[in-house]
2 protein chains.
Amino acid sequence: MPSKLKEYTSKINEYIDSASLVKDPKELYLPVDYCLGNGGKRVRPLMALLACDMFDGNIEEVLGPAVGMEIFHNFTLMHDDIMDQAPLRRGKPSVYKKWNANTAILSGDVMFALAIQHIAKSPEKHLKKILDLFNRSVIEVCEGQQYDMNFETLDKVSEADYINMIRLKTAVLPAACLKSGAIIAGASELEAGMLYSFGENVGIAFQIMDDWLDIFGDEETFGKKTGGDIVANKKTWLYIKAFEMANEYQLRDLRNSFTNRIYNPEEKISIVKNIYLELKLNELALNKMEDYNKKALDFLSKIEVADEKKEDLITLAEDLIHRKI
Amino acid sequence: MPSKLKEYTSKINEYIDSASLVKDPKELYLPVDYCLGNGGKRVRPLMALLACDMFDGNIEEVLGPAVGMEIFHNFTLMHDDIMDQAPLRRGKPSVYKKWNANTAILSGDVMFALAIQHIAKSPEKHLKKILDLFNRSVIEVCEGQQYDMNFETLDKVSEADYINMIRLKTAVLPAACLKSGAIIAGASELEAGMLYSFGENVGIAFQIMDDWLDIFGDEETFGKKTGGDIVANKKTWLYIKAFEMANEYQLRDLRNSFTNRIYNPEEKISIVKNIYLELKLNELALNKMEDYNKKALDFLSKIEVADEKKEDLITLAEDLIHRKI
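Since the model is a prediction, treat every value here as computed from it, not as a measurement.

A. Main features of the overall build of chain A. Counting secondary structure elements, chain A contains 16 helices and two strands. For 325 residues, the compact-globule formula gives about 20 Å, and the C-alpha radius of gyration of chain A, at 20 Å, lands near that figure. Expressed along its principal axes, the backbone C-alpha trace of chain A runs to roughly 60 × 50 × 35 Å. Counting the 325 residues in chain A, one finds 49% classified as buried.

Here's what the structure looks like:
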């Protein structure tokens, strides 16, 4: 069976293009258009379409809510960039930077409303279910962002708390997209739930890989300098495990690196990276990531549809985790 | 028939109290609780309940969406206060001031999601209609806020543009509340539409009265100094009409007042207020307000239900416009 990834991505982009209209007041809608037109791999809506296809559903019925969730995702990025004072998003100035914070707040708010407008295009008999799923996910994404901000000022974060944070902040939305596609295709509650769990575990694996790449990734392939998380004192999986596993000498060096200002960035990255390597955290992180990947695939394997129906979803998850897309 | 205003207000407050839970992460939910607990007259949900009652609907069915719209309204205040850098809200520190902008952004966002969660409690057969009505209103409220911000930097704003701005920013949400109550009670599209128009006109009348009170209101009754809009160079109905009607001498004084920094606030208020009085704008504004009030009542009178069924709504609108509540 030929891959539908390309075809569905085009479908999603066409839908987004046709839904976008820069009407008055332009000051409100231009930043929305800028944000939605700023690329992105459309992974979340793609998941919704593939899930629908897996259960032989009608793709057209799922396009609205799928794009709604993509718009919501972009809304969270617009507001996150204000909170993080992030000047760049996908290599271009963030809305916050290109315009200002007030614009990013208000254009973000209207994007949230536009997202629900597309969610509301779900087939009416499934609307209540999709809307409840969406709302729960939105609330969880906000909770995840709050935990992430809380972690910045905490001395110690447990691995369990970290995994829960990335589950909320990163994993529940793709999971909800998959489940939406399954629901609209008429899958059973059990099957839709399996797909949700698949998505949740893929999302967690993705984030651990993200932490790994930030320090062990290839600078040329990824086009950015490694070690940004270390410089920013970000509490990643590697950071948390390092503090958990370090001996007293390593602990002293870690503490000095993450609290003192005496090291220059290069020195700090080099010291912390060495400790990560001494503790074999480069391998342990990959193992951890593979654990979640395997868990994800286990959930998928329990769904009783033909294997070829799952191929595109497996490819997408694989490419996503290993960053081929 | 005894007034139901008090009974329904209690019902709404009970529902809000029971729906509020300060769970983890507390940093996210405490500001939500603070904002929703900070009083307010619950005018919007009250309108939804009274509209439902007017058509002999089941009040319990409308409580969810009514409170959803109240939560949404409070969310807009939370974000507006960041944009306007407003330190106070209903006499207490705004969330933006008490915590910080990031908190007001993220706790605001989760309030939006909570609002939809309550909207989703609409009876399932009306859900699609209520959700579409809510989404359209949310988008319009954002547009209104954008126009209001745009006006700050414009030299000239027409009366029509001003009325449209306050319609969007202030009037469509109460109108949508009224229409929701009517829809859930099973009113016809025509009747629900009449109630919407009633609400829209009450909202516009309310805002013109607001502009009037800011300069001609009694300082003792309203507990705040008059003239704040003049000092802030706010483009109110009075401002716009003054520029439209002024002779060349008045125009020169208006221009000097609103562009120059040479007047102290008291002097500026006194000069502008005098011009308003010379142009009889104090009376014209009240006439304008009464025009919208009359229009509102005309729409209400066309709805074919017994007059006593409309009494509470008329009282509410009357108290609202003339600021007895």
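B. Region of interest: the environment of Thr76(A). Note on placement: Thr76(A) falls in helix α4 (residues 59–83). Placed 149 residues apart in sequence, Thr76(A) and Lys225(A) show a C-alpha to C-alpha distance of 25 Å.

C. Here's a closer look at the environment of Gln85(A). All names here are of chain A. Within the secondary structure layout, Gln85 lies in the loop between α4 and β1 (88–89). Judged by local crowding, Gln85 falls into the exposed class, with 11 C-beta atoms found within 10 Å. Distance from Gln85 to Leu50, taken between C-alpha atoms, is 35 Å for residues 35 residues apart in sequence.

D. Seen up close, the relation of the copies chain B and chain A. With an RMSD of 0.0 Å, the operation that places chain B on chain A is a rotation of 180° combined with a shift of 0.0 Å along the axis. In the structure described here, the two chain copies are related by an operation that fits a two-fold rotation axis.

E. A look at the interface of chain B and chain A. Opposite the 30 residues of chain B that make contact, chain A presents 30 residues. Among the secondary structure elements, those contributing two or more residues to the side of chain B that touches chain A are α2 (26–37), α4 (59–83), α6 (101–119) and α7 (124–152) of chain B. Broken down by element, the side of chain B that touches chain A gets its largest block of residues, 14 residues, from α7(B). Here the side of chain B that touches chain A is built from residues that sort into 17 nonpolar, seven polar and six charged.

F. How the structure looks around unusual backbone geometry. Cis geometry is adopted by the peptide bond preceding Pro25(A), which originates at Asp24(A) and carries an omega value of -10°. A positive phi angle, near 50°, is found at Gln85(A), a position not held by glycine.

G. Quick look at the nonpolar core. Ranked by internal contacts, the top residues of the largest apolar core, which has 205 residues, are Ala48(A), Leu178(A), Ala205(A), Ala48(B), Leu178(B) and Ala205(B). Setting aside its immediate chain neighbours within four residues, Ala48(A) contacts Val62(A), Pro65(A), Ala66(A), Met69(A), Cys177(A), Leu178(A), Ser180(A) and Gly181(A).

H. View of the packing of α4(A) against helix α7 (residues 124–152) of chain A. All names here are of chain A. For the pair α4 and α7, the least separation of the axes is 12 Å and the interaxial angle reads 20°. The angle between the axes of α4 and α7 places the two elements in the roughly parallel class. Where α4 crosses over α7, the handedness of that crossing is right-handed. Listed contacts from α7 to Pro65, Met69, Phe72, Thr76 and Asp80 of α4 are Ile130, Phe134, Val138, Val141 and Gln145. Classifying every residue of the contact of α4 with α7 by side-chain character gives seven nonpolar, two polar and one charged.

I. Structural detail: the confidence of the model for chain A. Residue and element names in this part refer to chain A. Taken as a whole, chain A shows an average pLDDT of 93; of its residues, 97% reach a score of 70 or greater. Within chain A, the element-level pLDDT minimum falls on helix α10 (residues 219–222), averaging 72, and the maximum on helix α8 (residues 159–184), averaging 98. Quick note on the complex model: pTM equals 0.94, ipTM equals 0.94.

J. Highlighting helix α16 (residues 311–321) of chain A. Residue and element names in this part refer to chain A. Among all positions of α16, only Asp312, Leu313, Leu316, Ala317, Leu320 and Ile321 are buried. Viewed along the axis of α16, the buried residues span an arc of 160°, placing them on a single side of the element. Buried residues along α16 sit against α1 (5–19), α3 (43–54), α9 (189–216) and α15 (281–301). Count one or two residues on from α16 and you reach Arg323, which has phi positive near 55°.

K. Seen up close, the environment of Gln207(A). Residue and element names in this part refer to chain A. Within the secondary structure, Gln207 is located in helix α9. Taking the number of C-beta atoms within 10 Å as the measure of exposure, Gln207 has 23 and is therefore buried. Gln207 sits 82 residues away from Met289 along the chain, and the two C-alpha atoms are 8.5 Å apart. When neighbours within four sequence positions are excluded, Gln207 is seen to be in contact with Ile166 and Thr170.

What counts and what doesn't
Residues numbered from 1 in each chain as written. Chains lettered and ligands numbered in written order. Predicted model: local features only at pLDDT ≥ 70, side-chain atom pairs only at ≥ 80, totals over all residues. Helix = DSSP H or I, 4+ residues; strand = E, 2+ residues; numbered from the N terminus. Rg over C-alpha atoms; globule rule 2.2 N^0.38 Å. Buried ≥ 20, exposed ≤ 12 C-beta atoms within 10 Å, placed from the backbone. Least-squares fit on C-alpha atoms with pLDDT ≥ 70 in both. Contact = placed C-beta atoms within 7 Å. Nonpolar A, V, L, I, M, F, W, Y, C, P; charged D, E, K, R; others polar. Core = buried A, V, L, I, M, F, W, Y, C linked by C-beta atoms within 7 Å. Axes fitted to C-alpha atoms, helices over the stretch in contact; angles between N-to-C directions. Parallel < 35°, antiparallel > 145°, perpendicular 65-115°, else oblique. Left-handed = near helix turned anticlockwise from the far one by under 90°. pLDDT = per-residue confidence, 0-100. Arc of directions from axis to C-beta.

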